[in-house]
Amino acid sequence: MGLAATLAANGQPRNLFVELGYDAAAVDAKVSEVFNDVFRGPNKVYFEVGDTMAYISDIKNHDVRTEGMSYGLMVAVQFGEKDIFDRLWRWSRKYMQHQSGTREGYFAWSCKTDGTRNSDGAASDGELYFITSLIFASNRWGNDTGINYLAEARRILDCTMPREYEAPARGPWGFGGQQQGQQQGQQAMQKQKMFLIDPETKLITFTPDGFGQRYTDPSYHIPAFYEVWARWAGDGRSDLWNECARRSREFLHKATHPVTGLNGDMCQYDGSPMPGWGGRRNGSNNFRYDSWRVPMNITLDYVWSGADAEWQRQYGERIQNFFYSQGIDTFVDQYRVDGTLPEDSEILPAGGSGRVLRHSIGLVATTAAASILCSHDKRKAFVDALWKARHEPFADGYFDAYYDGLLRLFAFMHLSGRYRLIEPAK
């Protein structure tokens, strides 16, 4: 089954809202409302800085993350908001991107809102979205309006190729450290490699250096992004990127549970659960915040590529069947991958809120986006649940304008046909 089968009769991405009976004008108004909630409303997460820059803040954690900045770029290019895109890119480049040294080209994953870095290290999904968004900006606006978007994308791609650097030798659990280096002197230093994509498996790393390059995060897997790179990056690596797309799809087959469709937050490269510290003890083998993105990411690959459509349709119905069985208005946001509830010690707190299971709108959003994959009647219940869901504080006051808000926006983009493969202007 090819890409054409995932599109509407006019060759455009499907507007599933309209297919399911929603009024087209009401859908357009709703999408604009959700966009404004994120970028312009009283609970916005987008903030302009001077005349030329802006950032998106994870307000509950008081920082700016490559996740949110790169998501903002993708949203801006999809909506044709060039000023927003350029402002976000300038802030990202000035404060987050390393311009020299071992980490050149990579982005510090977390900064304070004044641009001070909380960490120099990168989280690989940021680079994934930065590259793809810049290529789309090049396709949409060209490269002669003040920012050479394609050159910026190619620079990141070049910098993320495997490179050697010196770092403290790893201890028995894979970590190195300053104390160890002081005790052993220069003998504690060893040659290591930094890479966005694991050279052996061709799968994206959790982080491009250190212990995080030994495993992956299923929510970082968006095979269609690699196909965008293969088609339009022009970096001479098209065969590699197409192979990465193929391997990523194979990985998702292994990383998702055959009955529930759930996946762990972290996985080994073969799709198996994390051992030791990354297992049941800290809950990273469970379905939780990062994991929410997987249904939406698989939906994106289905719409943009169609290369794995048969499995993806089966996956969509499998995961919706599970959440439907938990109650369309009551399913919670963290589970073990077999569908059982986690113990209290396994629950990951959010923003200082304590170990609480919620019916989070971010997960309502991504399970609704998966309706595009489905043909069963349950899909409308998920779409209706997203449409009527109110993004507002819980009874205990917890509110996430950032992550929940962005996932909600992405889901409305998907279901309205507003999340598109942006080809070069003709």
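Residues numbered from 1 in each chain as written. Predicted model: local features only at pLDDT ≥ 70, side-chain atom pairs only at ≥ 80, totals over all residues. Heavy atoms only, no water.

As for the pattern of salt bridges
According to the stated counting rule, one finds 33 salt bridges in the structure shown. Among the salt bridges present, the one from R14 reaches E19, with a minimum N-O distance of 2.9 Å. R14 gets classed as buried once you look at its relative accessible area, which sits at 15%. The partner of R293 in a salt bridge is D125, with the nearest N and O atoms 3.8 Å apart. With a gap of 168 residues between them, R293 in helix 10 (residues 293–304) and D125 in helix 5 (residues 124–141) connect regions that are remote in the sequence. R293 gets classed as buried once you look at its relative accessible area, which sits at 2%. (Salt bridge = Lys/Arg side-chain N within 4 Å of Asp/Glu carboxyl O. Buried < 20%, exposed > 50% of the residue type's maximum accessible area, 1.4 Å probe, protein only. Helix = DSSP H or I, 4+ residues; strand = E, 2+ residues; numbered from the N terminus.)

What about the sheet that holds strand 4 (residues 110–111)?
Judged by pairing direction, the sheet is antiparallel, and its 5 strands sit side by side in the order 1-2-3-4-5 without closing on themselves. If you trace the sheet from one side to the other, it starts and ends with strand 1 (46–49) and strand 5 (117–119), each paired once. As judged from the 2 bridges shared by strand 4 and strand 5, these two strands associate in the antiparallel manner. The partner of S110 across the bridge, within strand 5, is S119. Packing of helix 3 (residues 66–79) onto the sheet brings it into contact with strand 2 (53–58) and strand 3 (63–65), and relative to strand 3 it is tilted by some 60°. (Pairing = 2+ DSSP bridges. Contact = heavy atoms within 4.5 Å. Axes fitted to C-alpha atoms, helices over the stretch in contact; angles between N-to-C directions.)

A word on the packing of aromatic side chains
This structure, assessed with the given rule, holds 39 aromatic pairs. Ring centres of F85 and Y149 lie 5.5 Å apart, and the angle between their planes is 85°; this geometry places the pair in the edge-to-face category. One end of the pair, F85, is in helix 4 (residues 82–96); the other, Y149, is in helix 6 (residues 149–159), with 64 residues separating them in the sequence. For the pair F85 and Y149, one class covers both residues: buried. Directly above the ring of W387 sits K30, whose terminal nitrogen or CZ lies 5.3 Å from the centroid. Between R358 and the ring centre of F394, over which it is positioned, the NZ or CZ distance is 4.9 Å. (Phe/Tyr/Trp six-rings, centres within 6.5 Å; stacked < 30°, edge-to-face > 60°. Lys NZ or Arg CZ within 6 Å of the ring centre and 35° of its normal.)

Concerning the side chain of T256
Residue position: T256 is located in the loop between helix 9 (238–255) and helix 10. Within the structure, T256 has its side chain in polar contact with the backbone oxygen of L252 (distance 2.9 Å). Dropping the residues within four chain positions of it, T256 is found in contact with G261, L262, N263, W311, Y315 and R318. (Polar contact = N/O pair within 3.5 Å; in protein donor to acceptor, adjacent residues only side chain to side chain.)

Focus on the packing of helix 3 against helix 5
At a minimum axis separation of 8 Å, helix 3 and helix 5 run at an interaxial angle of 20°. Here helix 5 runs roughly parallel to helix 3, going by the angle between their axes. Relative to helix 5, the crossing made by helix 3 is left-handed. Mapping the contact onto sequence places T66, E67, M69, S70, Y71, L73, M74, A76, V77, Q78 and F79 in helix 3 and D125, G126, Y129, F130, T132, S133, F136, A137, R140 and W141 in helix 5. Split by residue class, the contact of helix 3 with helix 5 holds 12 nonpolar, 6 polar and 3 charged. (Parallel < 35°, antiparallel > 145°, perpendicular 65-115°, else oblique. Left-handed = near helix turned anticlockwise from the far one by under 90°. Nonpolar A, V, L, I, M, F, W, Y, C, P; charged D, E, K, R; others polar.)

Some points on unusual backbone geometry
Of note in this structure, H62 is not a glycine but carries a positive phi near 60°. In this fold, H62 is placed in the loop between strand 2 and strand 3. For H62, a relative accessible area of 65% corresponds to the exposed category. Positioned with a positive phi, K202 is a non-glycine residue whose angle comes to about 65°. If you trace the backbone, K202 turns up in the loop between strand 7 (189–194) and helix 8 (223–232). A relative accessible area of 21% places K202 in the partly exposed class.

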